[in-house]
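# Survey of secondary and tertiary structure
Given next are the chains, with one letter for each unit.
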Amino acid sequence: MDRVEELRLLRQAKRGDADSFAELYRDNVHAIFRYVYHRVNDTQLAEDLTGDVFTRALEGLGSYSDQGKPFIAWLYRIAHARIVDHYRRMERRPVESDVDDEPIPVTLDMDEGILRRQAAKVLREAIAELTDEQQQVVILRFMEGHRIEVVAQIMGKNANAIKALQHRALRSLAGRLERAGFDIGGIIAGLS
Amino acid sequence: MNDKTLPPEFYPILDQCLDTVLSGQTTVEQCIARFPKYADPLRRELQTALLVARLKSPPMSGEAVDNLEARLRGALKTQPHNVVHYPFFHISRAAAAVLIVVFLAVGSGAGLVMASADDLPGDTLYPVKIFWESVILFLASIFGQADDVWLRLAQTRLDEVVALDSQGRLTQDALVKLYETTAQAIATADTDTAAQVVEYTDHAEQVLAGIQSRSDLGGVMLDLVGLLDPVILENGRLLPPADTQPPSLTSPQVVATNTPALEPPTATLTVTIGYTDTPTNVPTNTATLTLTPTPSYTPTPRIPPTATKTPTLSPTPTVTPSNTPSPTRTWTPVPLPGGISPVPPTESPPTSTLRPTVTPLGSGMSGTFVRQTQESVYMTQTAGPPETEEPTP
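Values in this document were obtained by computation on a predicted structure and should not be read as measured data. (Residues numbered from 1 in each chain as written. Chains lettered and ligands numbered in written order. Predicted model: local features only at pLDDT ≥ 70, side-chain atom pairs only at ≥ 80, totals over all residues. Heavy atoms only, no water.)

Let us now look at the overall build of chain A. Helix and strand counts for chain A come out as nine helices and zero strands. Reading the helices (α) and strands (β) of chain A from amino to carboxyl end gives α-α-α-α-α-α-α-α-α. The buried share of chain A, taken over its 192 residues, is 59%. Long-range contacts, defined as pairs at least 24 residues apart, comprise 62% of the intrachain contacts of chain A with a sequence gap of at least 6. Surface accessibility of chain A: about 7300 Å² in total, with carbon and sulfur atoms responsible for 47%. (Helix = DSSP H or I, 4+ residues; strand = E, 2+ residues; numbered from the N terminus. Buried < 20%, exposed > 50% of the residue type's maximum accessible area, 1.4 Å probe, protein only. Contact = heavy atoms within 4.5 Å. Areas by Shrake-Rupley, 256 points an atom, 1.4 Å probe, with all protein chains shown as cover.)

Take a look at the structure:
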């Protein structure tokens, strides 16, 4: 959806046009769900929080001001606030994912598919242990594929700060995988 | 190289490599070959980024998407419509604080001001209302909120037009005032207020469509229709209108006199161009062209006595102007009480080098936005929300 169309739909939605808001919703719901899922690693919880995000967006739409940023930037910020609130209520950072089994120690004769699944599990856990800001950068930059300038807009920081954050996040994740015994290069080669 | 000692110059190198490797334009090894000094950390972090990029999430189920949409539609029905309306006195807190002080200073006059709030052009207290608006505009200018106030003034003028029309009292002057304030709102809109101004123009367009057409109002009404479709520039601002006065009222009337000299060969043509503005403004300018024709040339310029901006000379000699051929127009704004002058219009209309639309974004779902950074604009906005608060829209 281009920016002019988005502005038009926002104007209509602010006047109470349900179809316009529904179109904005459909255009952004999957990106918001993915973002929330990667932060909480729980499908049902991600669906609930996604619903919360759009309900809040609807309630706040009347006073929403464009400020030259795409609508999804605002949605990401609502999602971040909802996730932080959720963790505060839980009083802990959840490390379990949808898969309940403990990580299997890496061995040389491990099946490649299992190896990759194990690596993915360790990686998700490692992402969950990053700081909030590092998590946001990792998800928005590498999973959602946004450019650094867009990530900076969404997070309210300048591009240099984002570059530093992504370096620290990647360094932390790489260290975690290596300590778990994974050969990152080997996994990448196996995926190619 | 020890990871912990990586200098800041590494960050943009990493970022550059991330862009090209993640997009498939280059490989990790090709990047390392360009920056061998950082081979180890680049390899680790680029490979990790590639792994992260491959992490999948389950999709939100279709049923969940549909159920949420139905819930949102239901909520929208019961929610009061967010009608765009800008009450005149709804302004920034800083300006409001100053106004409270002014109110107190004005003392008993405050009652008069409040009593005039609903007055229409022609009513007894309408001049009080206009004076009060100029005070607020002056104060708002000090706080850099003039764009906000111009938008509210435009909304107020629109409300007045609607009220006058319903009472059968609509005049051209009311439409002219609406044009002026709307043009100022468009001209002064920054990236914060641009979207609100566009919403207002949409609303105004709908409102004016319901007003009975009259032959005496046709010209200004057409000017308004043309004004209510502002162009959004790439930087998020709006293209300023060519004039804050309705064009149909500001077309120049050309009265030309000339005293060609047949001999000697030099002829002096004097063109007087007068602009008829609103009745209180009659700026005039004079341009002088000195023509030096060939000996066989007999200058007989013909200037039509009615409205053409550029005199047409026949035949066209070699012109050596002794002055700027285009008349310099001095715009004298309608003086507001308190000596507040509106923003003067630009001298010439915008050229075609200005693009009418912002750069469209690519699909958000595939993840790549093409909009240029708005870093400097974004940095002036409210910083990100506190952890437990909703982000300020």
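Locating A:Lys163 in the fold gives a position in helix α8 (residues 159-179). The contact partners of A:Lys163, leaving out residues within four places of it in the chain, are A:Ile148, B:Tyr11, B:Pro12 and B:Asp15.

Moving on, we get to unusual backbone geometry. Across residues other than glycine, the phi torsion is negative in most instances, and most of the peptide bonds are trans. Residue and element names in this part refer to chain A. Here Asn41, not a glycine, exhibits a phi torsion of approximately 55°, which is positive. Within the fold, Asn41 resides in the loop between α2 (18-40) and α3 (43-60). Overall, the relative accessible area of 4% leaves Asn41 in the buried class.

Attention now goes to the confidence of the model for chain A. Residues and elements named next belong to chain A. A residue-level look at chain A finds 87% of positions with pLDDT of 70 or above and a mean pLDDT of 85. The lowest-confidence element of chain A is helix α9 (residues 184-191), averaging 78 in pLDDT; the highest-confidence one is α3, averaging 94. Per-residue pLDDT stays below 50 along residues 95-103; that stretch engages in 14 contacts with residues further than four places along the chain or on separate chains. (pLDDT = per-residue confidence, 0-100.)

We now examine empty space enclosed by the protein. All told, the structure shown has eight cavities of 30 Å³ or more when counted by the stated rule. Size it by volume and the largest cavity reaches roughly 220 Å³. As for the largest cavity, its lining consists of 20 residues, of which A:Arg3, A:Leu7, A:Asp66, B:Ala194 and B:Ala195 are closest to the centre. For the lining of the largest cavity, the secondary structure elements donating two or more residues are α1 (3-14) of chain A together with α10 (194-209) of chain B. For the lining of the largest cavity, the residue count by class is nine nonpolar, five polar and six charged. (1 Å grid on protein atoms, 1.4 Å probe; cavity = no way out; pocket = protein on both sides within 12 Å on 5 of 7 lines; lining within 4 Å. Points joined across faces, edges and corners; volume = space filled by probe spheres on them. Nonpolar A, V, L, I, M, F, W, Y, C, P; charged D, E, K, R; others polar.)

This paragraph deals with α10(B). In a regular helix each residue adds 1.5 Å, so 16 residues correspond to 22 Å; α10(B) covers 23 Å between its end C-alpha atoms and thus fits that length. All of the buried residues along α10(B) are B:Ala194, B:Ala195, B:Gln196, B:Val197, B:Val198, B:Glu199, B:Tyr200, B:Thr201, B:Asp202, B:Ala204 and B:Leu208. Against the buried residues of α10(B) lie α1 of chain A together with α8 (146-166), α9 (172-188) and α11 (218-227) of chain B. (Expected span 1.5 Å × (residues − 1).)

Time to look at the packing of α8(A) against helix α3 (residues 39-54) of chain B. Closest axis-to-axis distance for the α8(A)/α3(B) pair is 9 Å, and the angle between their directions is 85°. Overall, the two elements α8(A) and α3(B) adopt an arrangement that is roughly perpendicular. From α8(A), A:His167, A:Leu170, A:Arg171, A:Leu173, A:Ala174, A:Gly175, A:Leu177 and A:Glu178 reach across to α3(B), where they touch B:Arg44, B:Glu45, B:Thr48, B:Ala49, B:Leu51 and B:Val52. Split into classes, the residues belonging to the contact of α8(A) with α3(B) amount to seven nonpolar, three polar and four charged. (Axes fitted to C-alpha atoms, helices over the stretch in contact; angles between N-to-C directions. Parallel < 35°, antiparallel > 145°, perpendicular 65-115°, else oblique.)

Next up on the list: the nonpolar core. The biggest cluster of nonpolar side chains holds 90 residues, and the ones touching the most others in it are A:Ile32, A:Val36, A:Val138, B:Leu42 and B:Leu46. Sorting elements by how many residues they give to this core places α2(A) first, with 11 residues. The residues contacting B:Leu46, other than those within four sequence positions of it, are B:Leu14, B:Cys17, B:Leu18, B:Val21, B:Val28 and B:Cys31. One finds B:Trp150, B:Ala185, B:Leu208 and B:Met221 within the second-largest nonpolar core, a separate group that totals 42 residues. (Core = buried A, V, L, I, M, F, W, Y, C linked by side-chain atoms within 4.5 Å.)

Another aspect to go through is the environment of B:Leu217. Residues and elements named next belong to chain B. Among the structural elements, Leu217 can be located in the loop between α10 and α11. Leu217 gets classed as buried once you look at its relative accessible area, which sits at 1%. Along the sequence, Leu217 and Asp173 sit 44 residues apart, while their C-alpha atoms lie 9.4 Å from each other. Each residue touching Leu217, except ones within four places of it in the same chain, is listed here: Leu170, Thr171, Gln172 and Leu175.

Moving on, we come to the environment of B:Glu9. All names here are of chain B. If you trace the backbone, Glu9 turns up in the segment before α1 (10-22). Among the residues examined, Glu9 registers a relative accessible area of 41% and is labelled partly exposed. Filtering out sequence-adjacent residues up to four positions away, Glu9 remains in contact with Lys37 and Tyr38.

Right, let's talk about the pattern of salt bridges for a bit. For the structure shown, the criterion picks out 28 salt bridges over all chains. Put simply, A:Arg34 and A:Glu144 hold a salt bridge, and the shortest N to O gap is 2.7 Å. Here A:Glu144 lies in the loop between α6 (132-143) and α7 (148-155) and A:Arg34 lies in helix α2, a separation of 110 residues in the sequence. Judged by relative accessible area, which is 22%, A:Arg34 ranks as partly exposed. B:Glu133 is paired through a salt bridge with B:Arg157; the nearest N and O atoms lie 2.7 Å apart. In this pair, B:Glu133 is assigned in helix α7 (residues 126-142) and B:Arg157 in helix α8, connecting sequence segments 24 residues apart. By relative accessible area, which is 5% here, B:Glu133 ends up buried. For B:Arg157, a relative accessible area of 4% gives the class buried. Several salt bridges share partner residues, and in doing so they unite A:Asp19, A:Arg26, B:Asp66, B:Glu69 and B:Arg73 into one network. (Salt bridge = Lys/Arg side-chain N within 4 Å of Asp/Glu carboxyl O.)

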